[in-house]
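Structural description and commentary
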Amino acid sequence: MFVYFGTGSVSVLADAINNLTDSMSSLITLIGAKISNMPADSEHPYGHGRMEYIAGLVVSALVLFAGFEFIRASVGKIIHPSEVSYTSLSVAIMFVSCIVKFLMSVLYKKVGNRINSYPILAQSKDSISDVFVTGVVIISIFVYKFTGYLVDGWAGLLVSFFILYQGYDLIKETISTILGNTNPEEIKEVEKIVMTYKEIISVHDIVIVDFGPEKIYAWMDVELDDKMGIVQAHRIIDKIEREIYESKGYHASIHLDPVGSYSIREKETIEKLNELIRDDKRFCSFHDLSISGEEVTVDIVVDGNLVRSEKDEANVKNIVAEILNEEGIKNFVKIDKIFKGEI
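Just so you know, these numbers come straight off a predicted model, no measurement behind them. Counting starts from 1 at the beginning of each chain's written sequence and moves along it residue by residue. Restriction of local features to residues with pLDDT of at least 70 applies here, the model being predicted, together with a cutoff of 80 or more for giving and counting side-chain atom pairs; totals for whole chains, interfaces and linings are based on all residues. Side-chain figures throughout are based on the complete set of non-hydrogen atoms in the structure, without hydrogens or water.

So, on to the overall build of the protein chain. Within the protein chain, the regular secondary structure consists of 10 helices and six strands. Each residue is assigned to one of three classes by its accessible area relative to the maximum for its type, calculated with a 1.4 Å probe on protein chains only: buried under 20%, partly exposed between the two thresholds, exposed over 50%. Here the protein chain holds 343 residues, and the buried ones make up 41% of them. A fraction of 67% describes how many contacts in the protein chain between residues 6 or more apart in sequence connect residues 24 or more apart. Exposure was quantified through the Shrake-Rupley algorithm and a 1.4 Å probe, taking into account, for residues, occlusion by the shown protein chains and nothing else. When the accessible area of the protein chain is evaluated, it comes to approximately 19500 Å², of which 61% is carbon and sulfur surface. By the criteria applied, helices consist of DSSP H or I runs no shorter than four residues and strands consist of E runs no shorter than two, each listed in order from the N terminus. By definition, residues are in contact when any of their heavy atoms lie within 4.5 Å.

Below, the discussion takes up the packing of aromatic side chains. Stacked, edge-to-face and tilted are the three classes for Phe, Tyr and Trp ring pairs, Trp counted by its six-membered ring, which pair at centre distances within 6.5 Å; planes under 30 degrees apart are stacked, over 60 edge-to-face, the rest tilted. Inspection of every chain in the model, using the stated rule, returns two aromatic pairs. Ring geometry for Phe142 versus Phe146: centroids 6.1 Å apart, planes at 5 degrees, classification stacked. On the criterion of helical spacing, the pair formed by Phe142 and Phe146 is a turn pair, its members being four residues apart in helix α5 (residues 118-147). Judged by centre distance (6.5 Å) and plane angle (35 degrees), the rings of Tyr217 and Trp219 are tilted. You can call Trp219 partly exposed: its relative accessible area is 31%.

Nonpolar side chains tend toward joint burial in soluble globular proteins. In plain words, nonpolar cores are sets of buried Ala, Val, Leu, Ile, Met, Phe, Trp, Tyr and Cys residues tied together by side-chain atoms within 4.5 Å. Of all hydrophobic cores here, the largest spans 22 residues; its most connected members are Val190, Val194, Ile200, Met220, Val222, Ile240 and Ile244. Where this core is concerned, the elements lending two or more residues are α7 (184-194), β1 (202-210), β2 (216-225), α8 (230-248) and β3 (250-259). Every residue in contact with Val190, bar those within four places of it in the chain, is listed here: Ile206, Ile208, Met220, Ile244 and Tyr250. Of all hydrophobic cores here, the second largest spans 18 residues; its members include Ile28, Leu62, Val136 and Val137.

For the rest of this paragraph, the subject is the packing of α7 against α8. For the pair α7 and α8, the least separation of the axes is 10 Å and the interaxial angle reads 135 degrees. The angle between the axes of α7 and α8 places the two elements in the oblique class. As for the relative orientation of α7 and α8, their crossing is right-handed in sense. Where α7 abuts α8, its residues Glu186, Glu189, Val190, Ile193 and Val194 lie against Ile240, Glu243, Ile244, Ser247 and Lys248. Gly is placed with the polar residues, together with every amino acid not listed as nonpolar (Ala, Val, Leu, Ile, Met, Phe, Trp, Tyr, Cys and Pro) or charged (Asp, Glu, Lys and Arg). Counted by class, the contact of α7 with α8 contains five nonpolar, one polar and four charged residues. For helices, the fitted axis covers only the stretch in contact; all axes are lines through C-alpha atoms, and the angles between them, taken along N-to-C directions, range from 0 to 180 degrees. Comment on the angle field: the value is read as roughly parallel under 35 degrees, roughly antiparallel over 145, roughly perpendicular from 65 to 115, and oblique elsewhere. A clockwise turn of the near helix away from the far one marks a right-handed crossing, whereas an anticlockwise turn of less than a right angle marks a left-handed crossing.

Being paired, for any two strands, means DSSP has found at least two bridges between them. With mixed pairing, three strands are arranged side by side in an open sheet as β4-β5-β6. At either margin of the open sheet sits one strand with a lone partner, and together these are β4 (283-292) and β6 (330-338). Across this sheet, the average inter-strand angle for adjacent strands is 15 degrees, counted without regard to direction. Relative to strand β5 (residues 295-303), β4 runs antiparallel, the two sharing seven bridges. Within β5, the position partnered with Ser290 by the bridge is Thr297. Strand contacts of helix α9 (residues 264-279): β4 and β5, with the helix running at about 165 degrees to β4, the strand carrying the most contacts. Set on the sheet, helix α10 (residues 310-324) makes contact with β4, β5 and β6; between it and β6 the angle comes to about 135 degrees.

This part takes up helix α4 (residues 88-115). Helix span, expected: 1.5 Å multiplied by one less than the number of residues in the helix. Here α4 is 28 residues long and its end C-alpha atoms lie 41 Å apart, about the 40 Å a rise of 1.5 Å per residue gives. For α4, the complete set of buried residues consists of Ser90, Val91, Met94, Cys98, Lys101, Ser105, Tyr108 and Gly112.

This brings us to the pattern of salt bridges. Take a side-chain nitrogen of Lys or Arg and a carboxyl oxygen of Asp or Glu: if they are within 4 Å of each other, that pair is a salt bridge. Counted according to the given criterion, the structure contains seven salt bridges. Of the charged contacts in the structure, one is a salt bridge between Lys248 and Glu186, with a shortest N-O distance of 2.9 Å. With Lys248 in helix α8 and Glu186 in helix α7, the pair connects residues that are 62 residues apart, well separated along the chain. In this structure Lys248 comes out as partly exposed when scored by relative accessible area, which is 23%. Put simply, Glu186, Glu189 and Lys248 are held in one network by salt bridges that share partners.

Attention now moves to helix α6 (residues 152-179). With 28 residues, α6 ought to run about 40 Å at 1.5 Å a step, and its terminal C-alpha atoms sit 40 Å apart, in line with that. Positive phi shows up at Gly180, right after α6, with a value of about 105 degrees.

What follows deals with the UniProt feature "transmembrane region" (unreviewed entry) in the protein chain. Residues given the UniProt feature "transmembrane region" (unreviewed entry) here are residues 53-75, 87-108 and 128-147. As a span, residues 53-75 carries 100% helix and 0% strand, and end to end its C-alpha atoms are 33 Å apart. Taken end to end, residues 128-147 is 100% helix and 0% strand, and its two terminal C-alpha atoms sit 29 Å from one another. UniProt positions are given in the numbering used here, feature names are shortened, and annotations may be inferred rather than shown by experiment.

Below, the discussion takes up the environment of Met104. Take Met104: it is sitting in helix α4. Taking the relative accessible area as the measure of exposure, Met104 reaches 28% and is therefore partly exposed. Sequence separation between Met104 and Ser127 is 23 residues; the distance between their C-alpha atoms is 6.6 Å.

What follows is the structure, given as C-alpha cells:
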C-alpha cells in the first residue's frame, strides 16, 4: 500500500489490496483452525473439523470480491489513463515482497502437508500466486520505463482476472469438499489395504467422509467365510480398521457380510445377473445376494452416469426383479451408484 501511494498505479493497488486480503485470510484461517479443534459435543458428534473448510470458503469469497473490485478500477484506468511514477525503492520493495511470498508459500505447503490442513495448503497456493501477481506489476513498470507505454491499467486487469480465477478455483475446491467429493485413488488405496488380508473375500461400498482434518471416516462392507467364528472375524476386522487408521489416518468402520457356498438356485441367479452385467452397460456388479425361504435380496451396482433419475432407478430395479421373480417369492433390490473412476 505504501508503494501505491508513491506511484498511483492501479496495478500496484491491486497487488496491495490482494496482500491485505491475504492478511485477512490468514486471520480467518487461524480462527477456523481454532474452532475446528474444539472437541465433539452432543450437537456435533463428529467434531467441528469442517469449520476449516468454511473458513476456506470465506477466504475464497474475499478473493473474489477483491478481483471484481480490481477489474472496476483497472477498466477505469484504461479508459482514463493517468501518469504514474515509480522509484527504485518502490521496485525494490516489490522484489522483496516476491521473495517473502515465495518463502511463505514453501512454509505453508510444508506445514499444511504435515498437519493435513486444507486452508493452510490453500494459503500456500495463494502465496505462490501472489509472486506471479507482483511479477506482472514489476514487468509493467519496466515496460513503462523503457518504452513509455502506459500499461498500468492492462496490467491491473490481468492481475484482476488472475485473482478471480484463483478465487473461483479455491471456492470450487472448498465447496466440493464440503459437499463430499470422492477421490477414486483414496478408495483404491483403502481397498488395497483390506485385500492384503487373505481371509477377506471381497470389499465393496467403500465410503470416505471428510469431517475435517484428522476427522476422516471410512465405511465399507467386507465379505468373509460364513464358517469363520465370530471372534476370529471380529479380530480380523479390528486389525484392518487399525491398519487403515495407522496408514491413512481414517477412522474405519467395517460391516461384515458372511458368504458361504451357493445353492443350485443361487448359482443360477448369479449366472443370470452376470449375463445382465455383460449385456447392459448400466450394470457394473452385484453383491450381498441372499436367497432365504421366501425372500431374495441383492445389491446391484450401476453406473451413476447412466442411471441418474428416480425413473432410471425404477427401471433397473424392474429388470433385476424380473430375473429374481418367482411365484410367492419377495425380492428386495438395493441400487448402489458408482461413477467413472470409482471402481
